[in-house]
Amino acid sequence: MAKAATTANPGVKSGVRIVVAGDRGTGKSSLIVTAISETFPSSVPPVLPPTRMPDDFYPDRVPITIIDTSSKVEDAGKVAEELKRADAVVLTYACDRPETLDRLSTFWLPELRQLEVKVPVIVVGCKLDLRDENQQVSLEQVMSPIMQQFREIETCIECSAFKHIQIPEVFYYAQKAVLHPTGPLFDQESQTLKPRCVRALKRIFILCDLDRDGALSDAELNEFQVKCFNAPLQPSEIIGVKRVVEEKLPGGGVSGMGVNDCGLTLTGFLFLHALFIEKGRLETTWTVLRKFGYNNDIKLSDELIPTFKLAPDQSVELTSEAVEYLRNIYELFDSDGDNNLRPAELEDIFSTAPESPWEEPPYKDAAEKTALGGLSANAFLSEWALMTLLDPSRAVENLIYIGYSGDPSAAVRLTRRRRLDRKKKQSDRNVFHCFVFGPKKSGKSALVNSFIGRPFYDSYAPTAEEIYAVNVVDLPGGIKKTLVLREIPDDGVKKLLSNKESLASCDIAVFVYDSSDQSSWKRATELLVDVASHGEDTGYEVPCLIVAAKDDLNSFPMAIQESTRVSQDMGIEAPIPISSKMGDTNNVFRRIVTAAERPHLSIPETEAGRSRKQYNRLVNRSLMFVSVGAAVAIVGLAAYRVYAARKNSSG
């Protein structure tokens with residue numbers, strides 16, 4: 001399991017740039033020359049030009065470029081630029097000059113942080129041959145306090161260019177720190193694997209556990225070894241691997257901690273990788289991760305995740321195949337079959353992903369929760385629909401993390417353009433994106449909350465940022481559609497409409513107003529006109545509905561006349577009265593979906609838009625008359641020519 005790979009791992013960098021920095025006279029240039037030529041130089045220039053080591057200098061066969069830096073104060077800016085471009089930094093001090101060691105923690109390491117250079121640092125003590133023989137302090141004693149303070153230090157080493165002591169090792173460690181970094185895998189302080197590393201290794205373990213018995217049998221372990229390292233394990237080596245695990249994690253039988261009757265358990269698999277890392281054999285774990293497509297961030301490499309080119313008015317939805325897979329996943333992890341996926345069960349589903357994708361907005365709390373705080377099957381699928389709508393590549397990536405093995409691009413489909421939907425007078429979408437507009441205190445948050453079963457609150461809390469809510473809407477005939485509500489804060493509308501394509505992703509817009517407040521109605525109509533005008537100007541018109549919230553309160557005077565006039569003038573339905581407080585939503589969500597399904601209807605028309613259409617009709621009619629007149633003239637001219645030709649021939 002720990003044999004070296006014979007071919008380069010995918011995901012490895014194509015080249016490593018190492019920048020050497022440190023105080024004047026600490027041996028930077030001599031270190032570089034001796035490493036390249038294997039000869040101590042009698043003299044070296046103040047700063048060497050960029051130097052490339054032979055590709056086959058180290059086993060990984062990755063090209064290394066070494067950058068020397070100046071120690072002059074006037075060159076500090078140039079040094080800073082080189083450090084920012086580094087893949088790894090070698091900081092030198094002179095073993096015979098303690099003050100240069102002190103400068104690492106007082107200047108150089110703080111300077112790297114100031115420059116935001118977040119790469120591995122190798123601290124190198126040069127001129128080991130000149131150190132005072134009476135100094136008995138070990139390197140570990142000297143460097144331990146500094147390494148505690150500056151965690152970016154990957155390793156420390158002492159060397160002598162003059163006596164050729166540990167010179168090749170310096171740049172080997174620097175290269176290794178880049179190609180096989182410790183940081184993403186291991187927490188030095190707690191001496192444990194980092195969570196993202198554990199999650200990736202768990203996914204790899206499950207993928208290799210072909211018979212799904214929770215352990216890697218000898219055959220599965222051998223197949224894993226061949227896939228990752230291109231070499232099989234001998235039976236004696238498999239026995240040896242198991243023995244190492246059993247010594248540290250005893251148990252035996254069916255319930256063995258590290259090894260059971262079926263083979264190596266997940267616990268044992270993780271223990272082995274922690275052991276490799278502790279022993280400095282990070283390349284073993286990195287080889288495994290890269291063979292399964294992981295990059296240095298312990299996420300699947302970009303080339304494994306499909307990207308989608310779609311028009312602004314297209315969207316992405318899960319296919320029926322992907323939805324069926326997710327239903328099966330839900331049933332598998334809802335172990336008691338109560339249609340309530342508890343938070344712990346949801347975390348278990350995503351335990352093979354870098355992290356649970358729904359822990360942060362806009363996904364956190366976007367779906368309806370059960371009375372026990374879990375997710376129903378509909379809510380679970382709704383969250384997936386939301387993620388696919390907003391970030392399809394991430395949705396597919398997480399499908400792969402949780403075990404989807406089909407063609408990733410076949411898990412989703414691109415919908416038809418909305419512009420074409422309007423021409424066909426029907427939408428073929430299963431997921432509809434609704435923008436919810438409205439003035440402050442209009443009741444739009446209460447409407448959004450009621451959609452996902454949240455209780456009504458009398459206290460007012462202003463909406464500071466956009467909020468999403470998603471749920472399944474049942475239509476007549478047993479048809480189910482998914483509706484995504486996106487609440488737009490009143491003071492965020494101007495910024496939203498500053499983008500030409502902001503309405504392109506909108507299937508339908510809803511405008512909520514407080515039916516007891518005339519100023520709320522006035523502001524809602526202003527928003528309606530703004531949105532309708534933006535749609536007319538950009539070509540991304542959307543169906544619109546008006547919702548009269550707080551129907552349990554007395555309407556403001558002239559409410560019916562005002563709303564009827566505006567609705568008729570703009571060519572849309574009369575406002576839909578609702579009361580979130582009383583739980584009377586008047587089938588508003590079904591009506592929203594129904595309107596979205598018929599994208600050619602309920603599109604508001606402004607006075608400016610109406611005038612523009614009349615003008616275009618007039619122009620088109622004039623062009624038509626001109627075309628007909630021109631055609632008549634051409635026909636007449638042709639007839640005259642025929643008549644003239646006949647007259648001449650008869651004469």
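Note that this is a predicted model, so its numbers are computed, not measured.

What follows deals with the overall build of the chain. Scanning the chain from N- to C-terminus turns up 21 helices and 19 strands. Here the C-alpha radius of gyration of the chain, 35 Å, is well above what a compact globule of 651 residues would show, namely 26 Å. Summarising its shape, the C-alpha atoms of the chain cover approximately 115 × 85 × 60 Å along the three principal directions. The 651 residues of the chain split such that 47% are buried. Sequence separation of at least 24 residues holds for 72% of the intrachain contacts in the chain that already meet a minimum separation of 6. Entry remark: accessible area of the chain is about 32,400 Å², with carbon and sulfur atoms responsible for 52%. Between the centroid of the 77 positive side chains of the chain and the centroid of its 88 negative side chains there is a distance of 9 Å.

With that out of the way, let us pick up the pattern of salt bridges. In this structure the tally under the stated criterion is 33 salt bridges. For Asp458, the salt bridge is made with Lys581, and the minimal N-O distance between the two is 3.7 Å. Placement of the pair is Asp458 in the loop between α16 (444-451) and β15 (467-475) and Lys581 in the loop between β19 (576-577) and α20 (588-597), with a sequence separation of 123 residues. Residue classification places Asp458 among the exposed positions, given a relative accessible area of 64%. Note on Lys581: relative accessible area 46%, which makes it partly exposed. The structure contains a network of salt bridges with shared partners spanning Arg416, Arg418, Asp421, Arg429 and Asp507.

Here we come to the pairing of strand β4 (residues 88-94). Counting buried residues along β4, seven of its seven residues qualify, which places the element largely inside the surrounding structure. Both faces of β4 are covered, namely the face carrying Ala88, Val90, Thr92 and Ala94 and the face carrying Val89, Leu91 and Tyr93. One ladder, built from five bridges, connects strand β1 (residues 16-22) with β4; its direction is parallel. Bridge pairing in β4 links Gly22 to Thr92. Sheet analysis places β4 next to strand β5 (residues 121-126), joined by six bridges and oriented parallel. Note on β5: the bridge partner recorded for Ala94 is Cys126. A crossover links β4 with its parallel partner β5, the connecting element being helix α3 (residues 98-114), and its sense is right-handed.

Another aspect to go through is the UniProt feature "domain: Miro" (unreviewed entry) in the chain. UniProt tags residues 13-180 and 429-598 as "domain: Miro" (unreviewed entry). The annotated region residues 429-598 carries 32% helix and 24% strand content, and the separation between its end C-alpha atoms amounts to 11 Å.

Strands in a sheet are paired, the pairing made by backbone hydrogen bonds, and the direction either parallel or antiparallel. If you trace the three strands from one edge of the open sheet to the other, you get β9-β11-β10, paired in antiparallel fashion. Two strands in the sheet have a free side with no partner beyond their single neighbour: β9 (215-216) and β10 (259-260). With two bridges connecting them, β9 and strand β11 (residues 263-265) associate as antiparallel partners. In the sheet register, Ala215 faces β11, and the bridge partner there is Thr265.

To continue, consider the domain arrangement of the chain. The assigned domain composition of the chain is domain 1 (16-179), domain 2 (192-303), domain 3 (314-415), domain 4 (424-605) and domain 5 (616-650). Taking only C-alpha atoms, the centre of domain 1 and the centre of domain 3 are 48 Å apart.

It is worth spelling out the sheet that holds strand β3 (residues 64-67) at this point. The strand order across the open sheet built from six strands is β2-β3-β1-β4-β5-β6, with neighbouring strands paired in mixed fashion. With partners counted over all chains shown, the strands left at the sheet margins are β2 (51-53) and β6 (153-158), one partner each. Here the strands of the sheet are splayed against their neighbours by 25 degrees on average, with no regard to which way each runs. Pairing analysis gives three bridges linking β2 to β3, with the strands arranged antiparallel. Note that in β3 the partner of Met53 across the bridge is Ile64. Across the sheet, helix α1 (residues 28-37) touches β1, β2, β3, β4 and β5, and the angle it forms with β2 is around 40 degrees.

What follows is about the layout of surface pockets. Size it by volume and the largest pocket reaches roughly 1,200 Å³. If you trace the largest pocket, you find 37 residues lining it, with Ile153, Glu154, Pro181, Thr182 and Gly183 closest to the centre. Elements that contribute at least two residues to the lining of the largest pocket include exactly α4 (139-149), β6, α5 (167-179), β7 (186-187) and α9 (266-278). The element that contributes the greatest number of residues to the lining of the largest pocket is α5, accounting for four residues. In terms of residue class, the lining of the largest pocket is built from 14 nonpolar, ten polar and 13 charged. Looking at the lining of the largest pocket, you find at least three residues from each of domain 1 (16-179) and domain 2 (192-303). By volume, the second largest pocket amounts to about 720 Å³. Along its surface, the second largest pocket is lined by 30 residues, and Gly443, Ser445, Ala446, Tyr457 and Ser459 are the ones closest to its centre. Looking at which element gives the most residues to the lining of the second largest pocket, the answer is α16, with five residues. Classifying every residue of the lining of the second largest pocket by side-chain character gives eleven nonpolar, nine polar and ten charged.

To continue, consider the packing of helix α6 (residues 195-208) against α9. For the pair α6 and α9, interaxial distance at closest approach is 10 Å and the crossing angle is 125 degrees. Accordingly, the angle class assigned to the pair α6 and α9 is oblique. In this structure, α6 crosses over α9, and the sense of that crossing is right-handed. Between α6 and α9, the contacting residues are Val198, Leu201, Lys202, Ile204 and Phe205 on the first element and Leu266, Phe269, Leu270 and His273 on the second. Grouping the constituent residues of the contact of α6 with α9 by class yields seven nonpolar, one polar and one charged.

Moving on, we get to unusual backbone geometry. Put simply, Pro361 and Pro362 share a cis peptide bond, and its omega is 5 degrees. Inspection of the secondary structure assignment puts Pro362 in the loop between α12 (343-349) and α13 (377-390).

Grouped together as the largest cluster of nonpolar side chains are 77 residues, with contacts concentrated most on Ile204, Phe380 and Trp384. Those residues in contact with Trp384, other than ones at most four positions away along the chain, are Leu318, Leu326, Phe350, Trp358, Ala395, Asn398, Leu399 and Ile402.

Further remarks concern the side chain of Ser427. By the secondary structure assignment, Ser427 is in the loop between α15 (418-424) and β14 (431-437). At 3.2 Å, the side chain of Ser427 and the backbone nitrogen of Arg429 are in polar contact. Those residues in contact with Ser427 that lie beyond four places of it in its chain are Arg416, Asp421, Phe432, Ala596, Glu597 and Pro599.

What follows deals with the pairing of β15. Counted residue by residue, β15 has seven buried out of nine residues, so it is predominantly covered. As judged from the nine bridges shared by β15 and strand β16 (residues 479-487), these two strands associate in the antiparallel manner. Across the sheet, residue Ala469 finds its bridge partner in β16, namely Leu485. What sits between β15 and β16 in their antiparallel hairpin is a turn of three residues, with Gly477 showing a positive phi close to 85 degrees.

About the criteria used
Residues numbered from 1 in each chain as written. Predicted model: local features only at pLDDT ≥ 70, side-chain atom pairs only at ≥ 80, totals over all residues. Heavy atoms only, no water. Helix = DSSP H or I, 4+ residues; strand = E, 2+ residues; numbered from the N terminus. Rg over C-alpha atoms; globule rule 2.2 N^0.38 Å. Buried < 20%, exposed > 50% of the residue type's maximum accessible area, 1.4 Å probe, protein only. Contact = heavy atoms within 4.5 Å. Areas by Shrake-Rupley, 256 points an atom, 1.4 Å probe, with all protein chains shown as cover. Lys, Arg positive; Asp, Glu negative; His and termini not counted. Charge placed at Lys NZ, Arg CZ, Asp CG, Glu CD. Salt bridge = Lys/Arg side-chain N within 4 Å of Asp/Glu carboxyl O. Pairing = 2+ DSSP bridges. Right-handed = clockwise from strand over helix to strand, strands pointing away. UniProt positions renumbered as here; feature names shortened; annotations may be inferred. Domains from an automatic or database assignment. Axes fitted to C-alpha atoms, helices over the stretch in contact; angles between N-to-C directions. 1 Å grid on protein atoms, 1.4 Å probe; cavity = no way out; pocket = protein on both sides within 12 Å on 5 of 7 lines; lining within 4 Å. Points joined across faces, edges and corners; volume = space filled by probe spheres on them. Nonpolar A, V, L, I, M, F, W, Y, C, P; charged D, E, K, R; others polar. Parallel < 35°, antiparallel > 145°, perpendicular 65-115°, else oblique. Left-handed = near helix turned anticlockwise from the far one by under 90°. Core = buried A, V, L, I, M, F, W, Y, C linked by side-chain atoms within 4.5 Å. Polar contact = N/O pair within 3.5 Å; in protein donor to acceptor, adjacent residues only side chain to side chain.

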